[in-house]
Amino acid sequence: MTGPYRRPVPSTWWLHNRAYFLFMLRELTSVFIAAYLILLLILLYRLNAGRGAYESYLRFLGAPGMVTFHVIALAAALFHTVTWFNLTPKVLVVRVGARRVPAPIIAGVNYAAWIVFSALVAWIVLRG
Amino acid sequence: MAGTREPFWWSLFAAGGAVAALLAPVQIALTGIVIARGWAGQSFTYDRALALVSHPLSRLYLFVLISLPLFHWAHRFRFTLIDLGLKWSRALVAGVCYGAAVAGTILAALVLIRF
Amino acid sequence: MPDPTITLEIFRYHPEQNETPSFRRYEIPYREDWVVLDAINYIKDHIDGTLAYRWSCRMGVCGSCGMMINGTPRLSCAAFLREYYPNPVRVEPLANFPVERDLVIALDDFMHKLREVNPWLIRAHEQPLSDGEYRQTPDEVAAYKQYSMCINCMLCYAACPVYALEPRFLGPAAIALAQRYNLDSRDQGRSQREAVLSSEDGIWDCTLVGECTVACPEHVDPAGAIQRAKLASTIDWYKRVLMPWGGR
Ligand code: SF4
Ligand code: FES
């Protein structure tokens, strides 16, 4: 007689279910964002190093491979933004008396702030 | 009696996640696509970029933008490695991930302080 | 026209006969108004009396009939055959728990974890009975009511990959239960529960996959409970570190 049976958990468990797969994608968006930040840091470093260094780095960033990377990173960042805002109401629970402020309102405030911040940053950088 | 340090890392993770959610898309679109493809015209020539970045507020902004999301990455990546079956000790995984974020933060400070 | 039938593939495990589990197929009459539990009861009564499983209320109250149905943790008394018909229905014991026999899982770990969070009102000073009951306003009840709806069905544990990978993880329902008492205005035991919640296998293991909340038939939202516990612990931690003179 053997004891209770323990079912094995394969390390590919996150491929077996759509929700787990999306979870794994969500976690991995942080890798793309971090990689982007390293590239940004290098951009700043080259900017500090002088005109030639800066302009050659801009040419490097303009190569098709790098632009492709940034397009993928942008998609990852947007996925992060949406999942993050949609989960915020889980952490922040605001009560007004017996009633809990509905999740869509808390998420909505986030999206509004997102639009404002994005527009502000784009305006500062691009106003020329 | 500080007990577990998890609340500290978690707070950096949460702050970094919020910063990334708010700012990563626009930042990536700007420096990675618009400027890199040369669509920004005169707005990001060397002189203009240098002037913009040299402002103390810009540098503070860039420091926050780079540092906090690195901790966000470290926290998530730490658990992802475990989820994917990495058999290192948990303390080692945490040390490597947070250590990388600390290193990135120091580098960001060193670069930004020189402008 | 012949009467319609539906096929159930059921996980069988009889440790005294076979060391490895297997699936058996049963073809039974299909009834529109049957739930999966009815189908299993039919098999037990008419085809194979050796099938072992748990159930009691047949109305989503007792929490004992949880099973994996086509890979999703469900109460088998609340999952209608018509959701799956005409496809076969695959029934397995709740994931992430050791299997005692067929669809029966071992409960010990879960029971132990529930007890570990001290799920009762803790008072610094118990007030004498003659002073009457501890009273609450409706708002104070609303603060924790959702977390008190748990029926201990364990579907959330079956949905949780963190628990799958680390069986020592305290897990969704136990943490939601701790929050149920932490948020109760009559309770003063939060610091006692904190030791368990913030332990190595407590709230900090959770990566917010969120599937516990999806699985929960009572809308307890254990994922939300865990995140709120993290936030509360973090605020406490900063208070302790930044204001160590602050007493408690
Ligand atoms: S929290 Fe929900 S899913 Fe988990 S045991 Fe309680 S009722 Fe079941
Ligand atoms: S039999 Fe009681 S909940 Fe299903």
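As the structure is a prediction and not an experimental result, all values here were calculated from the model.

**Looking at the overall build of chain C**
Then comes step 1: The helix and strand tally for chain C stands at nine helices and seven strands.
Then comes step 2: Its C-alpha atoms give chain C principal-axis dimensions of roughly 80 × 40 × 30 Å.
Then comes step 3: In chain C, buried positions account for 52% of the 248 residues.
Then comes step 4: Residue pairs in contact within chain C that sit at least 24 positions apart in sequence constitute 63% of those at least 6 positions apart.
Then comes step 5: On chain C, roughly 11,900 Å² of surface is accessible, and the fraction owed to carbon and sulfur atoms is 52%.

**Let's talk about the sheet that holds strand β2 (residues 22–29) of chain C**
Residues and elements named next belong to chain C.
Then comes step 1: What the five strands build is an open sheet, ordered β2-β1-β5-β3-β4; its pairing is mixed. Single-partner strands in this sheet number two, and they are β2 and β4 (72–75). Between one strand axis and the next, the sheet turns through 35 degrees on average, direction left out of account.
Then comes step 2: In this sheet, strand β5 (residues 89–93) lies alongside strand β1 (residues 5–12) in parallel orientation, the contact comprising three bridges. Following the sheet pairing, Ile 10 is matched in β5 by Val 91.

**A word on the UniProt feature "transmembrane region" (unreviewed entry) in chain A**
Then comes step 1: This chain's UniProt record puts "transmembrane region" (unreviewed entry) on residues 20–45, 57–85 and 105–126 of chain A.
Then comes step 2: Secondary structure over residues 20–45 of chain A splits into 100% helix and 0% strand, and the C-alpha atoms at its two ends are 39 Å apart.

**With respect to the nonpolar core**
Here is a general trend for soluble globular proteins: nonpolar side chains tend to be buried in one another's company.
All names here are of chain C.
Then comes step 1: Grouped together as the largest cluster of nonpolar side chains are 73 residues, with contacts concentrated most on Leu 8, Ile 10, Val 36, Ile 40, Val 89 and Val 91.
Then comes step 2: No other element matches the six residues that helix α6 (residues 172–182) contributes to this core.
Then comes step 3: Taken together, domain 1 (5–105) and domain 2 (108–242) each give at least three residues to this core, which thus spans both.
Then comes step 4: When sequence neighbours within four positions are dropped, the list of residues in contact with Val 36 reads Ile 69, Ser 76, Ala 79, Leu 81, Tyr 84, Val 89 and Val 91.

**Looking at the side chain of Glu6(B)**
Then comes step 1: One can find Glu6(B) in helix α1 (residues 6–34).
Then comes step 2: Sequence-distant contacts of Glu6(B), that is, excluding residues within four places in its chain, are made with Arg78(B) and Trp204(C).

**Overview of the interface of chain C and chain A**
Then comes step 1: Listed as interface residues are 36 residues of chain C and, on the opposing side, 23 residues of chain A.
Then comes step 2: Overall, the association of chain C and chain A removes approximately 2,400 Å² of surface from exposure, summing both partners, and the carbon and sulfur fraction of that is 60%.
Then comes step 3: If you sort the residues of chain C by the area they bury against chain A, Pro98(C), Leu208(C) and Arg228(C) come out on top, with a joint share of 18%.
Then comes step 4: At the boundary of chain C and chain A, one finds one salt bridge.

**A closer look at the site of ligand 1**
Then comes step 1: Neighbouring ligand 1 are the residues Cys150(C), Ile151(C), Asn152(C), Cys153(C), Met154(C), Leu155(C), Cys156(C), Ala173(C), Cys216(C), Pro217(C), Glu218(C) and Val220(C).
Then comes step 2: In terms of residue class, the shell around ligand 1 is built from 10 nonpolar, one polar and one charged.

**Some points on the domain arrangement of chain A**
Then comes step 1: Structurally, chain A comprises domain 1 (10–78) and domain 2 (92–128).
Then comes step 2: Here domain 1 of chain A and domain 2 of chain A have C-alpha centroids that lie 24 Å from each other.

**Comments concerning the pairing of β1(C)**
Residues and elements named next belong to chain C.
Then comes step 1: Where burial is concerned, most of β1 is hidden: seven out of the eight residues are buried.
Then comes step 2: The pairing of β1 with β2 spans eight bridges and is classified as antiparallel. Residue pairing for β2: Arg 12 is matched across the bridge by Ser 22.

**So, the packing of helix α3 (residues 64–91) of chain A against α1(B)**
Then comes step 1: Contact geometry of α3(A) with α1(B) gives a least axis separation of 8 Å together with a crossing angle of 145 degrees. For the crossing formed where α3(A) meets α1(B), the hand is left-handed.
Then comes step 2: Within the contact of α3(A) with α1(B), the residues separate by chemical class into 21 nonpolar, five polar and no charged.

**Points about the domain arrangement of chain C**
Residues and elements named next belong to chain C.
Then comes step 1: Assigned domains within chain C: domain 1 (5–105) and domain 2 (108–242).
Then comes step 2: Measuring from the centre of the C-alpha atoms in domain 1 to the corresponding centre in domain 2 gives 30 Å.
Then comes step 3: Both sides together, the interface formed by domain 1 and domain 2 hides about 1,000 Å², and carbon and sulfur atoms give 67% of it.
Then comes step 4: Its largest share of buried area at the contact with domain 2, domain 1 owes to Pro 73, Asn 96 and Phe 97, together 49% of the area lost on that side.

**Observations regarding the interface of chain A and chain B**
Then comes step 1: Taken together, the contacts link 54 residues of chain A with 54 residues of chain B.
Then comes step 2: Here Asp47(B) ties to Arg51(A) by a salt bridge, and the two come within 3.1 Å at their closest N and O atoms.
Then comes step 3: Linking chain A to chain B there are 15 residue pairs in polar contact (both at pLDDT 80 or more).
Then comes step 4: Among the elements of the structure, α1 (18–49), α2 (51–62), α3 and α4 (103–126) of chain A are those that each provide at least two residues to the side of chain A that touches chain B.
Then comes step 5: Ranked by the residues each element gives to the side of chain A that touches chain B, the list is headed by α1(A), at 20 residues.

**Some thoughts on the packing of aromatic side chains**
Then comes step 1: On inspection of all chains with the given rule, the structure shows 22 aromatic pairs over all chains.
Then comes step 2: Taken together, a centroid distance of 5.5 Å and an interplanar angle of 70 degrees make the contact between Trp13(A) and Tyr20(A) edge-to-face. Residues Trp13(A) and Tyr20(A) agree in their burial class; the two are buried.
Then comes step 3: Arranged with centres 4.1 Å apart and planes meeting at 5 degrees, the rings of Trp9(B) and Tyr98(B) form a pair that is stacked. In this pair, Trp9(B) is assigned in helix α1 and Tyr98(B) in helix α4 (residues 90–113), connecting sequence segments 89 residues apart.

**A closer look at the side chain of Ser118(A)**
Then comes step 1: Locating Ser118(A) in the fold gives a position in helix α4.
Then comes step 2: The exposure class of Ser118(A) is buried, given its relative accessible area of 15%.
Then comes step 3: Residues within four places of Ser118(A) in sequence aside, it is in contact with Leu22(B) and Val26(B).

**Some details on the pattern of salt bridges**
Residue and element names in this part refer to chain B.
Then comes step 1: Applying the stated criterion across every chain, the model contains 21 salt bridges over all chains.
Then comes step 2: For Arg 78, the salt bridge goes to Glu 6, with nearest N and O atoms at 2.8 Å. Of the two residues, Arg 78 sits in helix α3 (residues 56–83) while Glu 6 sits in helix α1, which places them 72 residues apart along the sequence. With respect to burial, Arg 78 and Glu 6 carry one shared label: buried.

About the cut-offs
- As a convention, each chain's residues are numbered from 1 in the sequence order in which they are written.
- As they are written, the chains are lettered A onward and the ligands numbered 1 onward, keeping that order.
- Reporting in this predicted model follows two pLDDT cut-offs: at least 70 for local features of residues, and 80 or more for side-chain atom pairs to be given and counted; totals over whole chains, interfaces and linings ignore these cut-offs and use all residues.
- Side-chain metrics in this entry use all non-hydrogen atoms of the structure; hydrogen atoms and water are not considered.
- The way it works is that DSSP assigns letters per residue, a run of H or I at least four long becomes a helix, a run of E at least two long becomes a strand, and they are numbered from the N terminus.
- Under the scheme applied here, a residue whose accessible area is under 20% of the maximum for its type counts as buried, over 50% as exposed, and between as partly exposed, the area being computed with a 1.4 Å probe on protein chains only.
- We call two residues in contact whenever any of their non-hydrogen atoms come within 4.5 Å of each other.
- Working definition of accessibility: Shrake-Rupley area with a 1.4 Å probe, residue cover restricted to the visible protein chains.
- Any two strands are treated as partners once DSSP identifies two or more bridges connecting them.
- Axis angles are defined between N-to-C directions and span 0 to 180 degrees, where every axis is a line fitted to C-alpha atoms and, for a helix, only to the segment in contact.
- UniProt positions are given in the numbering used here, feature names are shortened, and annotations may be inferred rather than shown by experiment.
- To define a nonpolar core, start from buried Ala, Val, Leu, Ile, Met, Phe, Trp, Tyr and Cys residues and group those joined through side-chain atoms within 4.5 Å.
- Domain boundaries shown here were taken from an automatic or database domain assignment.
- When two parts are put together, the accessible area they lose, computed with a 1.4 Å probe and summed over both, is reported as buried area.
- Take a side-chain nitrogen of Lys or Arg and a carboxyl oxygen of Asp or Glu: if they are within 4 Å of each other, that pair is a salt bridge.
- Whether a residue is near a molecule or strand depends on its heavy atoms: if one lies within 4 Å, it is near.
- As a working rule, the residues Ala, Val, Leu, Ile, Met, Phe, Trp, Tyr, Cys and Pro are called nonpolar, Asp, Glu, Lys and Arg charged, and the rest polar, with Gly in that last group.
- Two helices cross in a left-handed way if the nearer one is turned anticlockwise from the farther one by less than a right angle. They cross in a right-handed way if the turn is clockwise.
- Under this definition, polar contacts are N or O atom pairs within 3.5 Å; protein pairs additionally need one hydrogen-donor-capable and one acceptor-capable atom, and for neighbouring residues in sequence, both atoms have to be side-chain atoms.
- For Phe, Tyr and Trp, where Trp contributes only its six-membered ring, two rings pair if their centres lie within 6.5 Å, and the inter-plane angle classes them as stacked under 30 degrees, edge-to-face over 60, or tilted in between.

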